2 protein chains.
Amino acid sequence: MSSPTASRCDTPALFRETVWRTLTLTVVRTDNAWVTLATNDSYSLGALVLAHSLKTVKTAHKLAILITPGVTAPMKQQIETVFDEVKVVDVLDSRDQTHLALMCRPELGVTFTKLHCWTFTNYDKCVFLDADTLVLQNCDELFEREELSAAPDPGWPDCFNSGVFVYKPSQDTFGQLLEFARTKGSFDGGDQGLLNMFFKEWSNTDISKHLSFTYNVVWSSTYSYLPALKQFGQNMKIVHFIASSKPWLQSFNTETRLVTSTHGGSGLQELLQLWWDLFCHHVHPGLSTEMVTYYTT
Amino acid sequence: MSSPTASRCDTPALFRETVWRTLTLTVVRTDNAWVTLATNDSYSLGALVLAHSLKTVKTAHKLAILITPGVTAPMKQQIETVFDEVKVVDVLDSRDQTHLALMCRPELGVTFTKLHCWTFTNYDKCVFLDADTLVLQNCDELFEREELSAAPDPGWPDCFNSGVFVYKPSQDTFGQLLEFARTKGSFDGGDQGLLNMFFKEWSNTDISKHLSFTYNVVWSSTYSYLPALKQFGQNMKIVHFIASSKPWLQSFNTETRLVTSTHGGSGLQELLQLWWDLFCHHVHPGLSTEMVTYYTT
């Protein structure tokens, strides 16, 4: 039986439905993801330790990875147990615009692979982390930043370091990046030169896109400003082991489970030990006998 | 004879006088100055070459310098022929608030001297340049920036490098800096640590206060990002010879008039030669025989 009262009661129901539909549409793409890249088994170890460091600091976000055919099948299996999404990118075998771009710039193979991070369009926002980074504290607040946010590179701080950056996945941006790479190339032959030219307004336009250096402490073998490290080191959230400071290039004693840095000093030893502790606890048990022999001797 | 007409004629005259007075008051402090510091004769040579580099690029602004009793009398005479204003600061001998502050923090002697740059209140705005910098292109546009503008330090780019900074002279700010130094000290034992703590909002508040790295290319003996140097090096406006890259620490052949950098490579040699060319052309002729013997053998 229909009555004015019932009709009035229907209005909130319709309202609720409309609100629900709106909310549903609004929340379609609220997932965020950390994204990394591995082009071989060594960097895969880095990516695995990185993923476990993110889990250790209890990130609320998904973990995604780009891998190339340079990663072996057993390693890919390990990666699949840890990451929420694994995307294999084979730029040499592709028959799309990436391949065309690569034909013009064969030196940019790995760079073209990294650019594929923009194709994770099932996520609303992503933070790219190089596989030689290690997360020391929860930094989920990075997802509040806009594209392209990154920390300055110590080598030339008008440029950002492309080992850690916040971005918004988009096929359109991906296409523009490929076209830019094809026509302009990269001044350093890698992704950092390319991205700095593409996002060239980073240096002088919006301070909110300048991440603190604590989100990407680029650690080379020599460190030039030790007092600052002592003063601000406890705020460090992400360390980036560049060049010869990479953890998997250090000497590791399997009996004592201690790493010996060839460079030593300056707090690097402690950070390398943290990496190896995560490796021993979370990564090593999943490796096959051949892989263990290869990586720890 | 007074008439209504004459009275009307007086009004513009009074108006002109008022405008003239206002303009006079307004233009009292429109001078700007480059300011540097020399605590001994070696740094005085740097300051002299720096001053000539500023004249070579035809700066429109004054040159001022702080010197300490560590600078010899003949060198002070040379300095006086080149700089528009020479201020002798003797913090050890002072009987003012500087001396009180120094008693609490004896390790900050040179830092307290440098802070005196804020006392050049006869200038509207200043740019401080360390005596181991060299100006390669006119950069008078720096005076359009506000206090405190500076370029990032490569060692920890959340900090600015205090070798080049734009500031507004003020007795009030000077007093606050002294008090800050007395109570808080400096995390690196020098002016850079102190100024970075005092102007701590620099890192994340206003992008216009982030000078391009080209205004303070900090050149250590090793250079880590050569492709960026190649890409952006032609935009370099001020080079900063830190640590062992200082020009007066290099080997110089008085016959060939060529410098030989102990580090070499990376474009450093050319910049050091430029410094020595300015030295030979403008500074060397004014030095006494003893000074020439001391500095060029």
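Worth saying up front: this structure is predicted, and the values here are computed from it rather than measured.

1. Remarks on the environment of B:Gly267
Turning to step 1, where the next piece is worked out: Take B:Gly267: it is sitting in the loop between strand E11 (258-260) and helix H9 (268-283).
Turning to step 2, where the next piece is worked out: Assessed through its relative accessible area of 30%, B:Gly267 is described here as partly exposed.

2. Description of helix H3 (residues 73-82) of chain B
All names here are of chain B.
Turning to step 1, where the next piece is worked out: For H3, the full list of buried residues reads Met75, Gln78, Ile79 and Val82. Burial along H3 is one-sided: seen end-on, the buried residues are contained in an arc of 100 degrees. Facing away from the buried side of H3 by more than 90 degrees, the exposed set consists of Ala73, Gln77 and Thr81.

3. A word on the packing of aromatic side chains
Turning to step 1, where the next piece is worked out: Inspection of every chain in the model, using the stated rule, returns 40 aromatic pairs over all chains.
Turning to step 2, where the next piece is worked out: Here the aromatic rings of A:Phe187 and B:Phe232 are separated by 5.3 Å at their centres, their planes lie at 80 degrees, and the arrangement is edge-to-face. Of this pair, A:Phe187 sits in the loop between helix H6 (171-184) and helix H7 (191-198) while B:Phe232 sits in helix H8 (residues 226-232), each in a different chain.
Turning to step 3, where the next piece is worked out: Overall, B:Phe232 belongs to the buried group, its relative accessible area being 18%.
Turning to step 4, where the next piece is worked out: Look at A:Tyr225 and B:Phe187: their rings are 6.2 Å apart centre to centre, the planes differ by 45 degrees, and that puts the pair in the tilted class. Residue A:Tyr225 is found in the loop between strand E8 (217-219) and helix H8 (226-232), and its partner B:Phe187 is found in the loop between helix H6 (171-184) and helix H7 (191-198); the two belong to separate chains. Neither A:Tyr225 nor B:Phe187 differs from the other in exposure class; each is buried.
Turning to step 5, where the next piece is worked out: Put simply, the rings of A:Trp118, A:Phe128, A:Phe165, A:Tyr167, A:Phe180, A:Phe198 and A:Phe199 pair up and form one aromatic cluster.
Turning to step 6, where the next piece is worked out: Over the aromatic face of A:Phe120 sits the side chain of A:Lys87, whose NZ or CZ is 4.6 Å from the ring centroid.

4. Details of the relation of the copies chain A and chain B
Turning to step 1, where the next piece is worked out: Under the fitted operation, chain A is carried onto chain B by 0.0 Å of movement along the axis and a turn of 180 degrees, and the coordinates agree to an RMSD of 0.0 Å. In symmetry terms, the pair is related by a two-fold rotation axis. Ranked by how close their C-alpha atoms come to the rotation axis, the residues of chain A are headed by A:Pro154, at 2.2 Å.
Turning to step 2, where the next piece is worked out: The overlap is high: 100% of the interface residues of chain A also sit at the interface in chain B, so the same surface is used on both sides.

5. Quick notes on the sheet that holds strand E2 (residues 62-67) of chain B
Residues and elements named next belong to chain B.
Turning to step 1, where the next piece is worked out: Pairing in this open sheet of six strands is mixed, and the strands run E3-E2-E1-E4-E7-E6 from one edge to the other. Edge positions in the open sheet fall to strand E3 (85-88) and strand E6 (149-152), since each of these has one partner strand only. Taken pair by pair, the neighbouring strands of this sheet meet at an average axis angle of 25 degrees, ignoring direction.
Turning to step 2, where the next piece is worked out: The sheet contact formed by strand E1 (residues 32-38) and E2 spans six bridges and is parallel.

6. A few points about the sheet that holds strand E9 (residues 238-241) of chain A
Residues and elements named next belong to chain A.
Turning to step 1, where the next piece is worked out: Judged by pairing direction, the sheet is mixed, and its three strands sit side by side in the order E5-E9-E8 without closing on themselves. Either end of the sheet is taken by a strand with one partner, and the two such strands are strand E5 (133-135) and E8. With direction set aside, neighbouring strand axes in the sheet form an average angle of 25 degrees.
Turning to step 2, where the next piece is worked out: Looking at chain direction, E8 and E9 are connected through three bridges and run parallel. Bridge assignment links Val218 to a residue of E9, and that residue is His240.
Turning to step 3, where the next piece is worked out: Sheet strands in contact with helix H9 (residues 268-283) are E5, E8 and E9, and its direction is about 95 degrees off that of E9.

7. Some words on the nonpolar core
Soluble globular proteins tend to pack their nonpolar side chains together in the buried interior.
Turning to step 1, where the next piece is worked out: Core analysis: the biggest nonpolar cluster contains 59 residues, and A:Trp156, B:Trp34, B:Phe83, B:Leu129, B:Leu142 and B:Phe279 have the highest contact counts within it.
Turning to step 2, where the next piece is worked out: Here this core takes nine residues from H9(B), the largest share from any one element.
Turning to step 3, where the next piece is worked out: In terms of nonpolar packing, the next biggest core, distinct from the first, is built from 58 residues, A:Ala47, A:Ala151, A:Leu211 and A:Ala228 among them.

8. Observations concerning the pairing of strand E4 (residues 125-129) of chain A
Residues and elements named next belong to chain A.
Turning to step 1, where the next piece is worked out: Burial runs high along E4: five of the five residues are buried.
Turning to step 2, where the next piece is worked out: Both faces of E4 are covered, namely the face carrying Lys125, Val127 and Leu129 and the face carrying Cys126 and Phe128.
Turning to step 3, where the next piece is worked out: Sheet topology note: the strand E1 (residues 32-38)/E4 ladder contains four bridges and is parallel. Residue pairing in the sheet places Asn32 in a bridge with Lys125 of E4.
Turning to step 4, where the next piece is worked out: Two elements, E4 and strand E7 (residues 160-167), share four bridges in a ladder whose sense is antiparallel. For Phe128, the partnering residue across the bridge sits in E7 and is Phe165.

9. As for unusual backbone geometry
Most peptide bonds are trans, and most residues other than glycine sit at a negative phi.
Residues and elements named next belong to chain A.
Turning to step 1, where the next piece is worked out: Note that the residue after Glu147, namely Leu148, is joined by a cis bond; omega there is -10 degrees.
Turning to step 2, where the next piece is worked out: Within the secondary structure layout, Leu148 lies in the loop between E5 and strand E6 (149-152).
Turning to step 3, where the next piece is worked out: Phi at Lys58 is positive, roughly 60 degrees, even though this residue is not glycine.
Turning to step 4, where the next piece is worked out: As for its position among the elements, Lys58 is in the loop between helix H2 (41-56) and strand E2 (62-67).
Turning to step 5, where the next piece is worked out: Given a relative accessible area of 67%, Lys58 falls into the exposed group.

10. Section: the interface of chain A and chain B
Turning to step 1, where the next piece is worked out: Contacts between the two partners involve 32 residues from chain A, matched on the other side by 33 residues from chain B.
Turning to step 2, where the next piece is worked out: Here chain A packs against chain B, burying approximately 2,600 Å² in sum over the two surfaces, 70% of which is carbon and sulfur.
Turning to step 3, where the next piece is worked out: In terms of surface lost to chain B, no three residues of chain A exceed A:Trp156, A:Ile207 and A:Tyr225, which account for 31% of the buried area on that side.
Turning to step 4, where the next piece is worked out: The interface formed by chain A and chain B holds zero salt bridges in total.
Turning to step 5, where the next piece is worked out: Counting the contacts that link chain A with chain B gives eight residue pairs in polar contact (both at pLDDT 80 or more).
Turning to step 6, where the next piece is worked out: At the level of elements, H7 and H8 of chain A are the ones that each hand at least two residues to the side of chain A that touches chain B.

The rules behind the values
Residues numbered from 1 in each chain as written. Chains lettered and ligands numbered in written order. Predicted model: local features only at pLDDT ≥ 70, side-chain atom pairs only at ≥ 80, totals over all residues. Heavy atoms only, no water. Helix = DSSP H or I, 4+ residues; strand = E, 2+ residues; numbered from the N terminus. Buried < 20%, exposed > 50% of the residue type's maximum accessible area, 1.4 Å probe, protein only. Arc of directions from axis to C-beta. Phe/Tyr/Trp six-rings, centres within 6.5 Å; stacked < 30°, edge-to-face > 60°. Lys NZ or Arg CZ within 6 Å of the ring centre and 35° of its normal. Least-squares fit on C-alpha atoms with pLDDT ≥ 70 in both. Contact = heavy atoms within 4.5 Å. Pairing = 2+ DSSP bridges. Axes fitted to C-alpha atoms, helices over the stretch in contact; angles between N-to-C directions. Core = buried A, V, L, I, M, F, W, Y, C linked by side-chain atoms within 4.5 Å. Buried area = accessible area lost by both parts, 1.4 Å probe. Salt bridge = Lys/Arg side-chain N within 4 Å of Asp/Glu carboxyl O. Polar contact = N/O pair within 3.5 Å; in protein donor to acceptor, adjacent residues only side chain to side chain.

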